[in-house]
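Residue-level structural notes
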Amino acid sequence: MEERSLHYLKSVVDILQRLSVEVKLRDEHSTDLMAARRLLDYLQIETVIAPGAAEKYLDEVRRLLAEVDQTLTAEVVGGESENSESIREIGAQLQKLADKPDPKQFETFLALTAKLQKFLTQSGVSSAGALAQSLMRADSEYAQTLFSSGLELAKKAETDNKSGATNQLSYDETALLNFIVDQFPGNEGAEIENSGFIPGGQSKFTLSIDLSGVKTLPRNLILRSDASGRFSGASVGYEYRLLKILYDRGVRVPKPLALEETGAIFGAPFMLSERASGATIGHMFNLPAQDKATLIDVARNLATIHKIAPGEFGDSIDNAKAPTSDKFLSWLELGQRDLAQTDRQSATFELAFSWLKEHAKMNDRAPRVLVHGDYGLNNLLIEDSRVMAILDWEFAHMGNPAYDLGYFYFMARALGSWELFLEAYQNSGIPLPDEDQLNYSILFGATRLGVQCAQATSAFNARLIGGSDAARVVSHQYFNESILRISEAMELVHQS
């Protein structure tokens, strides 16, 4: 059995071992058991179904290479430029791999296909563009085969939106309590009744704290701390100062209470806020149907953010002075580099990156507003169909409101209706960006999330991360689903 397969099985064993010793975590047991089952399902997909899908993908690319006529060859690789030599070399390597399929070389095949896609999109000729579209379709069909197989295997399984806490560390409760008491005089008799990490999140630690004996403080606090890792955003210091502005202007955010930036108490800078009521009802890929009232309130709260005058945030807000397109282009460059460092190469992603870079300037047409940057169900606490709190502002910046709207596209559809979401947003007294900008952001959001899924999947395959949170990303095939979403979004941008 391959070493990667052994890692899948070891992760299943680790989950089951945790269940056997942590009986107190009853609310997480069903989630972890489901992750174990799905991980075994995915192992079956990789070992039984993927080889046949890969052979079909190889056959399709072999056919496409054979269809490249002399005109395309002359247009794209004419002359002796470094670009032409690269395309010749890639084509030859692909042909060799397609002629003698080897499952162990399939990741190399995917990487070469993605590289060919990159050169084709840079060529600018119409015939090369048609080939690039065909490569994307072949890539999407491969992803669809694996993804559909996973759905079939999981048909009888219940879905769940919880995950194990990824970011945890040791901490000194006494030192933490002393900081709280020092910050809020009059609470000298306070005690920490309970504290523990909250599941989810990759770039921050989130700790729940229950207090007793308080006089001027809430009993329930949230500590949010910086954490090193693959996924990063702004520091908690940036978030804390932004939350103070938002809270004072009536945005539904947790009340910010204190900031510690030295790292001496918790091992990293952290902020404290009041714990808000409500619960998350899903995330970017687990999308349960909800009543229309939920969708409408989600849209209205987004409009509330976008209506705040930009001058309220000063020059310290991210991207305060640069053009909006600079923010998009900066992330696209970073995202493309991040994806290249994973084992998840894809012709679909390369085509999306190329189109997004080419059309980034359209985002400069809209008035600039505060953009949340990660406005999704995973960052909204819902209670009785109302948004109680908007969390995690580490990606907030000045930019185009279409960013947040398009990012929520697939979630809006799952909650009821994309059209209803836009209508509720517009009825709050704020104009909609034009359709081109919205479609751009739908594609951008799908690509951005896809890169994050690629990073998580690649890190899992390299045995750098494990546990139920990582298992959920891998076993539910979020990377393959991202390819399908990007393909759908590419259709939207070409139709508009």
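Since this is a predicted model, take the numbers as computed values, not measurements. (Residues numbered from 1 in each chain as written. Predicted model: local features only at pLDDT ≥ 70, side-chain atom pairs only at ≥ 80, totals over all residues. Heavy atoms only, no water.)

Here the focus is the pattern of salt bridges. If you walk through the whole model with that rule in mind, you get 20 salt bridges. Taking the shortest distance from any N to any O, the salt bridge between Asp392 and Arg224 comes out at 3.0 Å. Taken together, the residues Asp392 in the loop between β8 (386–390) and β9 (397–399) and Arg224 in strand β3 (residues 220–226) connect sequence positions 168 residues apart. For Asp392, a relative accessible area of 23% gives the class partly exposed. Under the relative-accessibility criterion, Arg224 is labelled buried at 7%. The shortest N-O distance in the salt bridge between Glu488 and Arg413 comes to 2.5 Å. With Glu488 in helix α17 (residues 478–495) and Arg413 in helix α13 (residues 409–415), the pair connects residues that are 75 residues apart, well separated along the chain. The exposure class of Arg413 is partly exposed, given its relative accessible area of 38%. Salt bridges sharing partners connect three or more residues here, namely Lys204, Arg224, Asp226, Glu239, Asp392 and Glu394. (Salt bridge = Lys/Arg side-chain N within 4 Å of Asp/Glu carboxyl O. Helix = DSSP H or I, 4+ residues; strand = E, 2+ residues; numbered from the N terminus. Buried < 20%, exposed > 50% of the residue type's maximum accessible area, 1.4 Å probe, protein only.)

As a further point, take the environment of Thr262. Along the chain, the position of Thr262 falls in the loop between β4 (256–260) and β5 (270–274). Reaching out from Thr262, the side chain makes a polar contact with the side chain of Glu260 at a distance of 2.3 Å. Reaching out from Thr262, the side chain makes a polar contact with the backbone nitrogen of Ala264 at a distance of 3.1 Å. (Polar contact = N/O pair within 3.5 Å; in protein donor to acceptor, adjacent residues only side chain to side chain.)

To continue, consider helix α15 (residues 435–461). If you check α15, its first and last C-alpha atoms are 39 Å apart, about what 27 residues at 1.5 Å a residue would give, namely 39 Å. The element α15 is largely enclosed, with a buried count of 24 among its 27 residues. A distance of 3.1 Å separates the backbone nitrogen of Asp436 from a side-chain oxygen at the start of α15, and that oxygen is part of Asp434. Positive phi shows up at Arg463, right after α15, with a value of about 65°. (Expected span 1.5 Å × (residues − 1).)

Located in the positive-phi region is Asn319, a residue other than glycine, with phi close to 65°. Along the chain, Asn319 falls in the loop between α9 (292–306) and α10 (324–340). Of note, Ser385 is a non-glycine position whose phi angle comes to about 70°, a positive value. Note on placement: Ser385 falls in the loop between β7 (380–383) and β8.

One can find Thr113 in helix α5 (residues 106–123). A relative accessible area of 0% means that Thr113 is categorised as buried. Those residues in contact with Thr113 that sit more than four places away from it in its chain are Tyr57, Leu94, Leu135 and Ala347. (Contact = heavy atoms within 4.5 Å.)

Attention now goes to the sheet that holds β4. With respect to topology, 5 strands assemble into an open sheet ordered β1-β2-β3-β5-β4, the strand pairing being antiparallel. Both edges of this open sheet fall to β1 (191–197) and β4, since each of them pairs with a single strand only. Averaged over all pairs of adjacent strands, the angle between their axes in this sheet comes to 20°, without regard to strand direction. One ladder, built from 5 bridges, connects β3 with β5; its direction is antiparallel. What sits directly across from Ser225, in β5, is Phe270. Against the sheet, helix α8 (residues 236–248) contacts β2 (204–212), β3, β4 and β5, and its axis sits at roughly 155° relative to β4. (Pairing = 2+ DSSP bridges. Axes fitted to C-alpha atoms, helices over the stretch in contact; angles between N-to-C directions.)

In this section: the nonpolar core. Note that soluble globular proteins tend to have their nonpolar side chains buried in a common cluster. Residues Leu370, Trp393, Phe408 and Phe421 are the most contacted members of the largest nonpolar core, which totals 126 residues. In terms of residue count, helix α2 (residues 26–67) provides more of this core than any other element does, 13 residues in total. Excluding its chain neighbours within four sequence positions, the residues that come into contact with Phe408 are Leu295, Val298, Tyr375, Gly376, Leu377, Leu380, Leu415 and Phe421. (Core = buried A, V, L, I, M, F, W, Y, C linked by side-chain atoms within 4.5 Å.)

Looking now at the packing of aromatic side chains. Scanning the model with the defined rule gives 24 aromatic pairs in all. Their ring planes at 70° and their centres at 6.1 Å tell us that Tyr57 and Phe106 sit as a pair that is edge-to-face. Placement of Tyr57 in helix α2 and of Phe106 in helix α5 is noted, with a sequence separation of 49 residues between them. For the residue pair Tyr57 and Phe106, the accessibility class agrees, reading buried in each case. Between Phe285 and Tyr478, the ring centres sit 4.5 Å apart and the planes meet at 15°, which makes this aromatic pair stacked. Of the two residues, Phe285 sits in the loop between β5 and α9 while Tyr478 sits in helix α17, which places them 193 residues apart along the sequence. Taking relative accessible area as the criterion, Tyr478 reaches 6% and is therefore assigned buried. By way of ring pairs, the aromatic residues Phe328, Trp331, Phe353, Trp355, Tyr403, Tyr440 and Phe444 are connected into one cluster. One residue, Arg448, lies across the ring of Phe395, its end atom 4.7 Å from the ring centre. (Phe/Tyr/Trp six-rings, centres within 6.5 Å; stacked < 30°, edge-to-face > 60°. Lys NZ or Arg CZ within 6 Å of the ring centre and 35° of its normal.)

With that settled, consider helix α11 (residues 347–358). The end-to-end C-alpha separation of α11 is 17 Å, in line with the 16 Å expected for 12 residues at 1.5 Å each. Taken across its 12 residues, α11 has 9 buried, putting it largely inside the fold. For α11, every residue scored as buried is listed here: Ala347, Thr348, Phe349, Glu350, Leu351, Ala352, Phe353, Trp355 and Leu356.

Caution applies to low-pLDDT regions: their predicted coordinates should not be interpreted in detail. Averaged over the chain, the pLDDT score is 85; the fraction of residues at 70 or greater is 84%. The secondary-structure element of the chain with the lowest mean pLDDT is helix α3 (residues 70–77), recorded at 52, while helix α12 (residues 402–407) shows the highest, at 98. The model gives residues 156–167 a pLDDT under 50, and that stretch makes 41 contacts with residues more than four places away or in other chains. (pLDDT = per-residue confidence, 0-100.)

Turning to its location among the elements, Lys100 is positioned in the loop between α4 (82–99) and α5. Given the relative accessible area of 67%, Lys100 is considered exposed. A sequence separation of 42 residues divides Lys100 from Leu58, and the C-alpha atoms of the two residues are 9.7 Å apart.

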